[in-house]
Amino acid sequence: MTKITYPKVKRAGDFLFALFGLTVLAAPFFLVALVIKLESDGPAIRRDKRVGKDGKHFVMYKFRTMTMNAPVKASAEINHSKYVTRFGAILRKSSFDELPQLVNVLRGEMSLIGPRPVLTLEKTTNSLRRQHGVFELRPGITGWAQVNGRDNVGEIEKVGLDRHYRDHLCLKMDCVCLLRTLGVVLIGDGIVENTTETVKIHVKK
């Protein structure tokens, strides 16, 4: 399978997987939404404006894990211990809060695997992604940067990992990324919580 045709196959596979996943998870989604509503005021689903393919903005969905007064900032800049709810901490640890993004996959705004979409206000990261051609890809629910350090990786390195994924896009790489994602989720590796410090940036020479 050539690199030219794979993106089309990838999109078809994403669509079918998202449709199946949303069907199977309908009942769990309802229960999770109910617990979120019972625990704190506000909607169960959080809607954030993110930057997607070709630099276009879209609304990304996820289960709300923080209180309504939480600031809209990059994750590394927020004191999670102050804003994350008890149930929200469980959702974040398991990454279950990200699964409503299957709706974004179904709509063609995201892929299962790709560079994680960042907030529109993260100007430096978005500029670097544009320079390195990362916006040629649909953003993903999980990505190469997420299985190679996650929150422990600085933004410059993340862009480098996203560029590596773009340059080596193929079925084998997606399969490796998916398997590693399962491992990362099971052990909760690379999740940084309860801090106001920005993750340090390391540049490989």
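Basis of the calculations
- Residues numbered from 1 in each chain as written.
- Predicted model: local features only at pLDDT ≥ 70, side-chain atom pairs only at ≥ 80, totals over all residues.
- Heavy atoms only, no water.
- Helix = DSSP H or I, 4+ residues; strand = E, 2+ residues; numbered from the N terminus.
- Buried < 20%, exposed > 50% of the residue type's maximum accessible area, 1.4 Å probe, protein only.
- Contact = heavy atoms within 4.5 Å.
- Areas by Shrake-Rupley, 256 points an atom, 1.4 Å probe, with all protein chains shown as cover.
- Axes fitted to C-alpha atoms, helices over the stretch in contact; angles between N-to-C directions.
- Nonpolar A, V, L, I, M, F, W, Y, C, P; charged D, E, K, R; others polar.
- Polar contact = N/O pair within 3.5 Å; in protein donor to acceptor, adjacent residues only side chain to side chain.
- Arc of directions from axis to C-beta.
- Salt bridge = Lys/Arg side-chain N within 4 Å of Asp/Glu carboxyl O.
- Phe/Tyr/Trp six-rings, centres within 6.5 Å; stacked < 30°, edge-to-face > 60°.
- pLDDT = per-residue confidence, 0-100.
- Pairing = 2+ DSSP bridges.

Draft legend 1. Here's a closer look at the overall build of the protein. Along the backbone of the protein there are eight helices and four strands. Put simply, the protein runs from its N terminus to its C terminus through helices and strands in the order α-α-β-β-α-α-α-β-α-β-α-α. For the protein, with 205 residues in total, the buried portion stands at 45%. Taking the intrachain contacts of the protein between residues at least 6 apart in sequence as the baseline, contacts between residues at least 24 apart amount to 71%. Counting every atom, the protein has about 11,400 Å² of accessible surface; 62% of that belongs to carbon and sulfur.

Draft legend 2. A look at the packing of helix α2 (residues 26-39) against helix α4 (residues 86-94). Where α2 contacts α4, the two axes come as close as 9 Å, and the packing angle between them is 145°. Across from V32, V35, I36 and E39 in α2, the residues of α4 making contact are R86, F87, G88 and L91. Along the lines of polarity and charge, the residues of the contact of α2 with α4 split into five nonpolar, one polar and two charged.

Draft legend 3. Geometry of the side chain of D174. Topologically, D174 is positioned in helix α8 (residues 171-187). Only 2.5 Å separates the side chain of D174 from the side chain of Y6, close enough to count as a polar contact. Aside from chain neighbours lying at most four places away, what touches D174 is Y6, K10, I113, Y165 and L169.

Draft legend 4. Quick peek at α4. Among the residues making up α4, those that are buried are F87, G88, L91 and R92. Buried residues of α4, seen end-on, are gathered within an arc of 140° and therefore sit on one face of the element. Facing away from the buried side of α4 by over 90 degrees, the exposed positions are R86 and I90.

Draft legend 5. Molecular detail of the pattern of salt bridges. On inspection of all chains with the given rule, the structure shows 13 salt bridges. Between K10 and D174 there is a salt bridge, with the nearest N and O atoms lying 2.8 Å from each other. One end of the pair, K10, is in helix α1 (residues 6-24); the other, D174, is in helix α8, and 164 residues separate them in sequence. The class for K10 is buried, based on a relative accessible area of 13%. Overall, the relative accessible area of 7% leaves D174 in the buried class. For R50, the salt bridge is made with D48, and the minimal N-O distance between the two is 3.3 Å. Within this structure, K62, D97, E98 and R116 form a network of salt bridges that share partners.

Draft legend 6. Molecular detail of the packing of aromatic side chains. Taken as a whole and assessed by the stated rule, the structure comprises three aromatic pairs. On the basis of an interplanar angle of 90° and a centroid distance of 5.2 Å, the ring pair of F29 and F63 is categorised as edge-to-face. One end of the pair, F29, is in helix α2; the other, F63, is in strand β2 (residues 57-63), with 34 residues separating them in the sequence. Neither residue differs from the other here; F29 and F63 are each classed as buried. Ring pairs connect the aromatic residues F29, F63 and F96, which therefore count as one cluster.

Draft legend 7. Fine view of the confidence of the model for the protein. The predicted model of the protein has a mean per-residue pLDDT of 87, with 86% of residues at 70 or higher. Low confidence marks residues 192-205, where pLDDT is under 50. Its contacts with residues over four positions away, or in another chain, come to 28 contacts.

Draft legend 8. Layout of the pairing of strand β1 (residues 45-51). Two strands pair when backbone bridges link them, and β1 and β2 are joined in this way by seven bridges, in the antiparallel orientation. Paired with R47 across the strands is Y61, a residue of β2. The turn joining β1 and β2, which pair antiparallel and follow one another in sequence, is formed by five residues; a positive phi near 65° is taken by D54.

Draft legend 9. Quick peek at unusual backbone geometry. With a phi angle near 65°, D54 is a residue other than glycine that sits in the positive phi range. Assignment of secondary structure puts D54 in the loop between β1 and β2. In this structure, S95 is a non-glycine residue whose phi angle is positive, near 65°. Residue placement: S95 occurs in the loop between α4 and α5 (102-106).

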